[in-house]
Amino acid sequence: MDNVAGRVAFVTGAASGIGLGMTRAFLNAGMKVMLADIEQKALDRTMATLRQALPSNRSDDVASVVVDVAERHSVFQAANATLETFGKIHAVCNNAGVTSGGHIEDCTEGDWKWVIGVNFLGVIHGCQAFIPHIKRQGEGGHIVNTSSMAGVLGGMPDWAPYNSTKYSVVGLTEVIRQEGREGGYGASVLCPGGVATNIFDAPRNRGDQYGPQQSTVARDVSADDIRKGLNPDIVGRLVLEAVLADRLFIFTDPRLKGRVERRHEKMMLDFEWAANSKALTESGAPGASKKS
Ligand SMILES: NC(=O)c1ccc[n+]([C@@H]2O[C@H](COP(=O)([O-])OP(=O)(O)OC[C@H]3O[C@@H](n4cnc5c(N)ncnc54)[C@H](O)[C@@H]3O)[C@@H](O)[C@H]2O)c1
């Protein structure tokens, strides 16, 4: 997308944190935004604040819909509501996310179902509900899926459900970006480092069907890291800039580059090890080092 004024965005998790930051950035750039969130009260509060900040002739540029992104039908209903309200859709931000932690053997089935449902299925639902409309419109568009640095760094102990879903979002977005070349839309994956949001209070939105939550935190990330994190409004502005520049990865903390490099260096070492392994060299497998 190279021009966003007057275009329509749909943002999940828009009542708080990064989703709200994106919403503000899009509104400031002249876009119309459908805020989607599971929390009705937070949505109402946010809507009132946003409307107050907009000039009176733009108060209809924001609307809201309650959605549970883990439920496919709920996201499709929200997509219909967006098209009924604004007539079009151009930018889709599948951003709602939750966190649950604990040793792998302690993570319950409910932990997995909840985190996969919101963080990964939620992204799939948003793509499937909106991409056909973006293609049909033929005006271009962009998908922004929120992953995390937990989707590109090496494994983070005590955070298997979160870590796994964030890797999945990176993989899915890379596929969608390729498919978008034919479909006439772009795709980016947002990989935030610490951002000052309410993410560590995620259990507030855990439905009873998932059972009680044991732990929220990862060994490497504390609630304090999040409290001292980047202002979500800055992340919103960065996302808009990256969409206009059609970037694949949107990183919020350039200091973490070295950790990604180290992960890739370890992978390269394991390619070399495999090329010299007995199994591949002795069998003359393709790519194996030649026996001297
Ligand atoms: N804050 C960080 O440091 C950080 C870092 C990396 C990635 N992220 C990711 O950023 C995204 C946004 O989180 P945040 O940090 O702004 O947290 P947040 O808790 O402030 O906002 C998340 C929003 O998602 C909503 N939500 C939760 N479950 C939902 C559901 N089932 N359906 C619809 N909405 C739901 C919540 O009500 C909330 O408004 C998440 O995907 C998170 O994993 C955050």
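Residues numbered from 1 in each chain as written. Predicted model: local features only at pLDDT ≥ 70, side-chain atom pairs only at ≥ 80, totals over all residues.

Once that is clear, we can look at the overall build of the chain. A count of helical and extended segments in the chain gives nine helices and seven strands. The C-alpha atoms of the chain give 20 Å as radius of gyration, which agrees with the globular expectation for 292 residues (19 Å, within 12%). With the C-alpha coordinates aligned to their principal axes, the bounding extent of the chain is approximately 80 × 45 × 35 Å. Buried positions account for 41% of the 292 residues belonging to the chain. (Helix = DSSP H or I, 4+ residues; strand = E, 2+ residues; numbered from the N terminus. Rg over C-alpha atoms; globule rule 2.2 N^0.38 Å. Buried ≥ 20, exposed ≤ 12 C-beta atoms within 10 Å, placed from the backbone.)

Domain boundaries in the chain define domain 1 (8–252) and domain 2 (256–292). Relative to domain 2, the C-alpha centre of domain 1 lies at a distance of 36 Å. Contacts between domain 1 and domain 2 engage five residues on the former and four residues on the latter. Of the residues contributing to the side of domain 1 that touches domain 2, the split by class is three nonpolar, two polar and no charged. (Domains from an automatic or database assignment. Contact = placed C-beta atoms within 7 Å. Nonpolar A, V, L, I, M, F, W, Y, C, P; charged D, E, K, R; others polar.)

Turning next to the packing of helix α1 (residues 17–28) against helix α7 (residues 232–244). Packed helices, taken two at a time, are described by the angle their axes make and the gap between the axes. Interhelical geometry of α1 versus α7 gives an angle of 55° and a closest axis separation of 7 Å. With respect to each other, α1 and α7 are oriented oblique. Two packed elements cross with a definite hand, and for α1 against α7 that hand is right-handed. Contacts from Gly17, Ile18, Leu20, Gly21, Met22, Arg24, Ala25 and Phe26 in α1 reach Pro232, Asp233, Val235, Gly236, Arg237, Val239 and Leu240 in α7. Looking at the contact of α1 with α7 residue by residue, the classes come out as nine nonpolar, three polar and three charged. (Axes fitted to C-alpha atoms, helices over the stretch in contact; angles between N-to-C directions. Parallel < 35°, antiparallel > 145°, perpendicular 65-115°, else oblique. Left-handed = near helix turned anticlockwise from the far one by under 90°.)

Near the ligand there are 32 residues, and of these Gly13, Ser16, Gly17, Gly97 and Thr197 occur at the shortest range. Ranked by residue count, the leading element in the shell around the ligand is α1, at three residues. Broken down by class, the residue content of the shell around the ligand amounts to 15 nonpolar, 14 polar and three charged. (Near = placed C-beta within 6 Å.)

Glancing now at the environment of Val170. Tracing the sequence through the fold places Val170 in helix α5 (residues 160–183). Val170 sits in the partly exposed class, given 18 other C-beta atoms within 10 Å. Along the backbone, Val170 and Asp158 are 12 residues apart, and their C-alpha atoms lie at a distance of 20 Å. Ignoring sequence-local partners within four residues, the contact set of Val170 consists of Ser147, Gly151, Val152 and Val189.

With parallel pairing, seven strands are arranged side by side in an open sheet as β3-β2-β1-β4-β5-β6-β7. At either margin of the open sheet sits one strand with a lone partner, and together these are β3 (62–66) and β7 (249–251). Within this sheet the neighbouring strands show an average axis-to-axis angle of 15°, counted without direction. Set on the sheet, α1 makes contact with β1 (8–12), β2 (32–37), β3, β4 (91–94) and β5 (142–146); between it and β1 the angle comes to about 170°. Lying on the sheet, helix α3 (residues 72–86) is in contact with β1, β2 and β3; it crosses β2 at an angle near 155°. (Pairing = 2+ DSSP bridges.)

The next subject is the environment of Pro286. As for its placement among the helices and strands, Pro286 is situated in the segment after α9 (278–282). Put simply, Pro286 and Ala275 are 11 residues apart on the chain and 9.0 Å apart in space, counted from C-alpha to C-alpha.

What follows deals with α1. An α-helical segment advances 3.6 residues per turn. Residues three or four places apart therefore align on the same side. Compared with an ideal rise of 1.5 Å per residue, which puts 12 residues at 16 Å, α1 spans 17 Å between its outermost C-alpha atoms and is within 8% of the ideal. Regarding α1, the residues found buried are Gly17, Ile18, Gly19, Leu20, Gly21, Met22, Thr23, Arg24, Ala25 and Phe26. On its buried face, α1 sits against β1, β2, α2 (40–53), β4, β5 and α7. Immediately beyond the C-terminal end of α1, within one or two residues, lies Gly30, with a positive phi of roughly 90°. (Expected span 1.5 Å × (residues − 1).)

Let us look at the pairing of β1. Counting buried residues in β1 gives five out of five residues, a clear majority hidden from the surface. When β1 meets β2, the two strands line up parallel, connected through five bridges. If you follow Val11 over to β2, its bridge partner there is Leu35. On the question of chirality, the crossover connecting β1 to the parallel β2 by way of α1 is right-handed. (Right-handed = clockwise from strand over helix to strand, strands pointing away.)

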